[in-house]
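Take a look at the letters that make up each chain.
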Amino acid sequence: MTNLKNHRRFKGGRLIVASHNPGKVREIKALLDPFSAEVISAGELSLPEPEETGTTFVANAELKARAAAEASGEMSLADDSGLAVSALDGAPGIYSARWAGEDKDFGLAMRKVETEMDDAVDRTAQFICALTLAWPDNHVETFEGTASGTLVFPPRGERGFGYDPIFVPDGYDITFAEMAPEKKHAISHRADAFQKLMAACFA
Ligand code: IMP
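Residues numbered from 1 in each chain as written. Predicted model: local features only at pLDDT ≥ 70, side-chain atom pairs only at ≥ 80, totals over all residues. Heavy atoms only, no water.

Visitor: Quick question: what am I supposed to make of the site of the ligand here?
Guide: Residues in contact with the ligand amount to 19 residues; listed here are only the nearest, Lys-24, Phe-106, Asp-164, Lys-184 and Arg-190. Asp-80 is positioned with one of its side-chain polar atoms (N or O) 3.1 Å from an oxygen atom of the ligand. Burial of the ligand by the surrounding chains reaches 95%, relative to a free accessible area of 490 Å². Looking at the shell around the ligand, the elements with two or more residues in it are strand E3 (75-85) and helix H5 (189-202). For the shell around the ligand, the element with the most residues is E3, which contributes four residues. In terms of residue class, the shell around the ligand is built from five nonpolar, six polar and eight charged. (Near = heavy atom within 4 Å. Polar contact = N/O pair within 3.5 Å; in protein donor to acceptor, adjacent residues only side chain to side chain. Areas by Shrake-Rupley, 256 points an atom, 1.4 Å probe, with all protein chains shown as cover. Helix = DSSP H or I, 4+ residues; strand = E, 2+ residues; numbered from the N terminus. Nonpolar A, V, L, I, M, F, W, Y, C, P; charged D, E, K, R; others polar.)

Visitor: Looking at this structure, I do not really get the packing of helix H1 (residues 22-32) against H5. What am I missing?
Guide: Any two packed helices are characterised by how steeply their axes cross, that is the angle between the axes, and by the distance between the axes. Taken N-terminus to C-terminus, the directions of H1 and H5 make an angle of 45°; their axes are 11 Å apart at the nearest point. Relative to H5, the element H1 is oriented oblique. You can see that H1 and H5 cross each other, and the crossing is right-handed. Facing Lys-24, Glu-27, Ile-28, Leu-31 and Leu-32 of H1, the residues of H5 in contact are Arg-190, Ala-191, Phe-194, Met-198 and Phe-202. Grouping the constituent residues of the contact of H1 with H5 by class yields seven nonpolar, no polar and three charged. (Axes fitted to C-alpha atoms, helices over the stretch in contact; angles between N-to-C directions. Parallel < 35°, antiparallel > 145°, perpendicular 65-115°, else oblique. Left-handed = near helix turned anticlockwise from the far one by under 90°. Contact = heavy atoms within 4.5 Å.)

As structure tokens, this is what we get:
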């Protein structure tokens, strides 16, 4: 079991969500709803978006959280996440957003996953999320969460964002994009990472 005593706690006040992705910001705000935090996004503050030069979800989450905390002098929370397809050796992985191109066209990204998978027998995939809470003195706390499932084509559903329309979580027969947001928030990779972060730093 994790030793909770070794984690630095969030003492309340303003928290900057270090993301310019409206889908992610919406989900993170909903997950933070029960806590006494005033939440504002890096996009709303027009903070610059750092280049994601890390080679892991954790490295990129820490880089984004530290950049926002440094630029604002306030605490920040960053999420780096993506879809890891088993038959593609974990691709698109940390490049999940980049597969959608400059236009952020996830129809295109999902078609690319379908094409690359071709007739692979293994249709399993995982969503992975690294969440980092950063303090202005450069201290960080990072937690990883996962959601396992199966990919389906063609895409189904209008809710959620990104690759949600092709991902059916284990134990369900509907995609994340067909699910009520509260349900996705209870079982997603982001929720998994969030529960760990909350237990360690918000308890
Ligand atoms: P980044 O973390 O900003 O590099 O981008 C993560 C990308 O992964 C998003 O743009 C989505 O394409 C994908 N992604 C992450 N989380 C989810 C999710 O909950 N549903 C669908 N796609 C996701």
